Amino acid sequence: MPGVSLTIRWAVWAVVAVLVFAATAHAQRGPGPAAAGGVITSVQIQGNVRAEPESIRSHLQLKEGQPFDPAAADRSLKALFGTGLFSDVVIEMQGSTLVVKVIENPIINRVAFEGNRKIEDDKLRDEIQSRPRQVFTRARVQADVERILTIYRRSGRYNASVEPKIIKLEQGRVDLVFEINEGDVTTVQRISFVGNEAFSDGTLREKIRTSESAWYRFLSSADRYDPDRLNLDRELLRKFYLSEGYADFRVVSAVAELAPDREGFFITFTISEGVRYKFGTVEVSTRFQGLDVDVLQSYLTMSSGEWYDADEVEKSVTALTDLVGSLGYAFVEVRPNIRRNKDTLTIDVTFDVQEGPRVYVERINISGNTRTLDKVIRREFRLAEGDAFSTAKVRRSQQRLRNLGFFEKVDISASPGSAPDRTNIEVEVVEQSTGDISFGAGYSTTSGILGDIGIKERNLLGKGQELRFGISVGTLSTLIDLSFTEPYFLDRPMSAGIDVFRTSNDRQQVASYSDRSIGFALRAGWAYSEHTRQTVRYTLRQTDIFNVQPWASTVVQANAGTSVVSEVGETIAWDTRDTRLNTTKGFLLRNSMAVAGLIGTEQYYRTTADAVYYQSLFEDVIISVGGSAGLVVPYNNSSLRLNNLFFIGGDTLRGFRVGGIGPRDSVTTDALGGTYFYTGTTELSFPLGLPKEIGLLGKAFMDVGSLWGLGGPAVYSSTVLTSTTMRVSTGLGIQWVSPFGPIRIDYAFPLVQDPWDKTENIRFGFGTRF
């Protein structure tokens, strides 16, 4: 049966061929289902150069003697990639051997930046995570690219682009270069408001920090888009409307759209104003025995019928908390209960003064002060360990720490203490530079061209002490001053300090002489309250009147030579002004008295008084009314020298020169000073219709004043002209708080004057520090 035999033979060969083909295919595919259960007899690591084999094995979940598991192999792959050491990993079975093939990431040799001109390398290097001698990973580099772009976006450069470049070196090293195209600043082109009816777009733009781009904002960054600033603007709008009585106000949305050409942003605030409320019933209730509700009511800063103001509610809460706490009630909580009356558009406010939780301060923990001593921080606190906890005092302590100017950031929080009635106060500060080196330049009608250099350290050796040295040189005056101040003398809330000075003045145009002084002053000061402060001072000064012209008045010639003044004085001031520059509200009352003659050549009494009041008439329209008066009187039949008399004019009485009024020699026209004076001024400050951030203000003023009285018997002469006539002047001015310093120009003309007075119409002042 040869045919059957041949058929069987061909069948056997076909089966063999199929088995060989299947085995070959299996070898090409690697471990398959059959191999999944195969036992691993050895593990082989391939491709590693820096990574130790044992380190790689430690990340494998497949061990010798274990069956191969594809799921464990997958987890091992993820673990090895997670180390960041490898750019590629392959795990496969070759027979009974587990082979792990790796390709290592290179090591970063150098990180460089190219194309960055606006942001320095050091700032960028501090932000990224890639560092020399680190393993290069693409994920980390991509994250660094995003960080760099974020820095540029914060500075308003949304057109910036960053491209990382890799330069391969030998021995598995690379140079990482970030090529940066900074692009132009992407400014805010337009700010719009939707839903505002009570206030115009222009008014609302003045209430927020973000500004529209304009040519005069070249020194400001407020016209650059900043998402964080946009969130602040939402809060500023809310506070503004709440202070104007719109208790239902809310910002529906704040959208910033980038223009198609990516050259600017268009910001749109959609708001819901709601209706405007007035205060309805305003009252105080309390459960404390012995508290007079009528007295508490008198401390409220609002009254029924006024427009609702959330700021006044907060101020009243603070005032009541401080008042009740000062009366000996340690645990006080003031809750304003607010009830809206939609039908009458009023808001009733009841301040509920009640006993708060009995919690004591267990510890005050301070961190972040690497330079400033702990005691400098603790002495600014309004409470101490063991005191009753008070939120108002904590808030005031935080403000006092910020006012020091030593810290970039001050955060105060409360944490649980060792018992339910104990709390710890956690104080975290971030210190900032407290040293200043300044240079200045300017011009004024009084002092001529000025230049000054100042060096100041406000936190000397971390003790909170201030050391200052300054030199001011001008064409008409020079001042050299060294000052040291200890704000807490003998660990008491009393400041003490010393000043050493040397001055010189050219008074040739005023009275045909020059003078120079050298001396020192010892001073101490303390506060009676937040607004009241007293200072005492002892001054020892030697003054030389020299360079007296031959044609000078006989009175001036009689004063030539050297004198020594030993003076003890005191000043007490009550100051509630909101700011020192561009004051909008508050007042200042100040009185100074001094007596000279303990030692030295001069013997006199002197007293001066100043008062000024500021009030807002309308928005940005401020009126101020002020005045000053003084007298200096010799004793023991002595005479007063020129350097101890008053000279009025210039800044103290516009429309008249420095020393322009008062006793004067009729022959030489030299100003001789006076022993009695008074001045008064009324000034109206108003906007000029320009954007507020330009800083231009108009001024309209009227000044009055007089100076009379002679320095002593030696001064009386038939050639001396004097009178008590009240001089009057009026005028207009412009003040610019410029990026280069304050600039003011006044034009004044006298309305009432004596024939011998010296007048001037234009007065100019400019100064800056940089």
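Being a predicted model, the structure only gives us computed values, none of them experimental. (Residues numbered from 1 in each chain as written. Predicted model: local features only at pLDDT ≥ 70, side-chain atom pairs only at ≥ 80, totals over all residues. Heavy atoms only, no water.)

### Focus: the overall build of the chain
Secondary structure assignment for the chain yields 14 helices and 33 strands. Computed over C-alpha atoms, the radius of gyration of the chain comes to 40 Å, more than 25% over the 27 Å expected from 2.2 N^0.38 for 770 residues, which places it beyond the range of a compact globule. The C-alpha extent of the chain, read off along each of the three principal axes, is 170 × 70 × 55 Å. In the chain, buried positions account for 40% of the 770 residues. Sequence separation of at least 24 residues holds for 58% of the intrachain contacts in the chain that already meet a minimum separation of 6. As displayed, the chain has an accessible area near 40,900 Å², and 56% of this comes from carbon and sulfur atoms. Averaging the locations of the 86 positively and 92 negatively charged side chains of the chain gives two centres separated by 3 Å. (Helix = DSSP H or I, 4+ residues; strand = E, 2+ residues; numbered from the N terminus. Rg over C-alpha atoms; globule rule 2.2 N^0.38 Å. Buried < 20%, exposed > 50% of the residue type's maximum accessible area, 1.4 Å probe, protein only. Contact = heavy atoms within 4.5 Å. Areas by Shrake-Rupley, 256 points an atom, 1.4 Å probe, with all protein chains shown as cover. Lys, Arg positive; Asp, Glu negative; His and termini not counted. Charge placed at Lys NZ, Arg CZ, Asp CG, Glu CD.)

### Looking at helix 8 (residues 227–243)
Look at helix 8: 25 Å from first C-alpha to last across 17 residues, which is about the 24 Å you get at 1.5 Å a residue. Listing the buried residues of helix 8 in full gives R229, L230, D233, L237, F240, Y241, L242 and S243. Near the N-terminus of helix 8, the side chain that reaches the backbone nitrogen of D228, with its oxygen 3.0 Å away, is that of D226. Directly after helix 8, the chain includes G245, whose backbone phi takes a positive value near 100°. (Expected span 1.5 Å × (residues − 1). Polar contact = N/O pair within 3.5 Å; in protein donor to acceptor, adjacent residues only side chain to side chain.)

### Thoughts on the pattern of salt bridges
As enumerated under the stated definition, the model contains 41 salt bridges in all. Measuring nitrogen to oxygen at the nearest pair gives 3.7 Å for the salt bridge that ties D175 to R110. Taken as a pair, D175 in strand 6 (residues 173–181) and R110 in strand 4 (residues 107–114) lie far apart in primary sequence, 65 residues in all. Residues R339 and D348 are paired through a salt bridge, measuring 2.8 Å at the closest nitrogen-oxygen approach. (Salt bridge = Lys/Arg side-chain N within 4 Å of Asp/Glu carboxyl O.)

### Observations regarding the side chain of T346
Looking at the element boundaries, T346 is found in strand 12 (residues 346–355). There is a polar contact of 2.8 Å between the side chain of T346 and the side chain of T344. In this structure T346 touches Y277, K278, G280, R339, R340 and N341, once residues within four positions along its chain are discounted.

### A closer look at the packing of aromatic side chains
To describe a pair of aromatic rings, one takes the distance between the centres and the angle between the planes. Throughout the structure, instances matching the rule amount to 20 aromatic pairs. Ring geometry for Y241 versus Y246: centroids 5.4 Å apart, planes at 80°, classification edge-to-face. Like Y246, Y241 is buried. Counting every residue linked through ring pairs, the aromatic cluster contains F199, F240, Y241, Y246 and F249. Positioned above the aromatic ring of W307 is the side chain of R276, whose terminal nitrogen or guanidinium carbon lies 3.7 Å from the ring centre. Lying over the aromatic face of W307, K278 brings its terminal NZ or CZ to 4.8 Å of the ring centre. (Phe/Tyr/Trp six-rings, centres within 6.5 Å; stacked < 30°, edge-to-face > 60°. Lys NZ or Arg CZ within 6 Å of the ring centre and 35° of its normal.)

### Observations regarding the sheet that holds strand 15 (residues 422–431)
Spatially, 3 strands are ordered 13-15-14 in an open sheet, and the strand pairing comes out mixed. The outermost strands of the open sheet, each flanked by one partner alone, are strand 13 (360–367) and strand 14 (407–416). Looking at each pair of strands side by side, their axes are set apart by 20° on average, direction ignored. As paired elements, strand 14 and strand 15 share 9 bridges and run antiparallel to each other. (Pairing = 2+ DSSP bridges. Axes fitted to C-alpha atoms, helices over the stretch in contact; angles between N-to-C directions.)

### Description of a nonpolar patch on the surface
Taken together, the side chains of I437, I455, L467, F469, I480, L482, I498, V500 and L522 present a nonpolar region at the surface, about 710 Å² in accessible area. Mapped onto the nonpolar patch, the elements with two or more residues apiece are strand 18 (465–474), strand 19 (477–486) and strand 20 (494–507). Taking relative accessible area as the criterion, I498 reaches 34% and is therefore assigned partly exposed. (Patch = residues over 30% accessible without salt bridge, like charges linked within 9 Å, V, L, I, M, F, W, Y side chains within 5 Å.)

### So, the environment of F68
Tracing the chain through its elements places F68 in the loop between helix 3 (53–57) and helix 4 (70–82). F68 sits 30 residues away from G38 along the chain, and the two C-alpha atoms are 5.7 Å apart.

### Digging into unusual backbone geometry
A positive phi angle, near 70°, is found at R133, a position not held by glycine. With respect to the helices, strands and loops of the structure, R133 is situated in the loop between helix 5 (121–127) and helix 6 (138–154). Look at R133 and you get exposed, because its relative accessible area is 74%. Unlike most non-glycine residues, S512 shows phi in positive territory, near 65°.

### Structural notes on the confidence of the model for the chain
Scored by pLDDT, the chain comes out at a mean of 85, with 90% of its residues at no less than 70. Segment residues 1–8: pLDDT under 50, and 0 contacts once partners within four positions in sequence are set aside and those in other chains are kept. Here residues 10–36 scores under 50 on pLDDT; set against residues more than four positions off or in separate chains, the count is 8 contacts. (pLDDT = per-residue confidence, 0-100.)

### Notes on the side chain of S624
As for its position among the elements, S624 is in strand 26 (residues 621–634). Of the residues examined, S624 reaches a relative accessible area of 11% and is grouped as buried. The contacts of S624, once residues within four sequence positions are left out, are Y613, Y614, T681, T682 and E683.

### Describing the sheet that holds strand 1 (residues 42–46)
Taken together, the 3 strands give an open sheet; going across it, the order is 1-3-2, and neighbouring strands pair in mixed fashion. Here the strands that pair on one side only, and so sit at the sheet edges, are strand 1 and strand 2 (86–94). Each neighbouring strand pair of the sheet contributes to a mean axis angle of 15°, computed without reference to strand direction. Alignment of strand 2 against strand 3 (residues 97–104), held across 8 bridges, turns out to be antiparallel. Counted as the bridge partner of V90 is K101 from strand 3. Across the face of the sheet, helix 4 comes into contact with strand 2 and strand 3 while running at roughly 155° to strand 2.

### Points about the pairing of strand 11 (residues 332–341)
Direction of pairing for strand 11 relative to strand 12: antiparallel, over a ladder of 10 bridges. The partner of R339 across the bridge, within strand 12, is D348. The antiparallel hairpin formed by strand 11 and strand 12 contains 4 residues in its connecting segment, where L345 sits at a positive phi of about 55°.

### Description of the environment of N547
The topology assignment puts N547 in the loop between strand 22 (532–546) and helix 14 (554–558). On the accessibility criterion, N547 (43% relative accessible area) is partly exposed.

### Looking at helix 12 (residues 391–404)
Here helix 12 spans 20 Å end to end across 14 residues, near enough to the 20 Å set by a 1.5 Å rise per residue. Where helix 12 is concerned, the buried positions are A392, V394, S397, Q398, R400 and L401. Among the residues trailing helix 12, G405 stands out with phi positive, at a value near 80°.

### Here's the deal with the pairing of strand 19
Bridging between strand 18 and strand 19 involves 8 bridges; their strand directions are antiparallel. Note on strand 19: the bridge partner recorded for G470 is D481. Taken together, the 10 bridges between strand 19 and strand 20 define a ladder with antiparallel strand orientation. When the bridges of strand 20 are listed, T478 appears paired with S504.

### A few points about the environment of V429
Within the secondary structure layout, V429 lies in strand 15. V429 sits in the buried class, given a relative accessible area of 3%.

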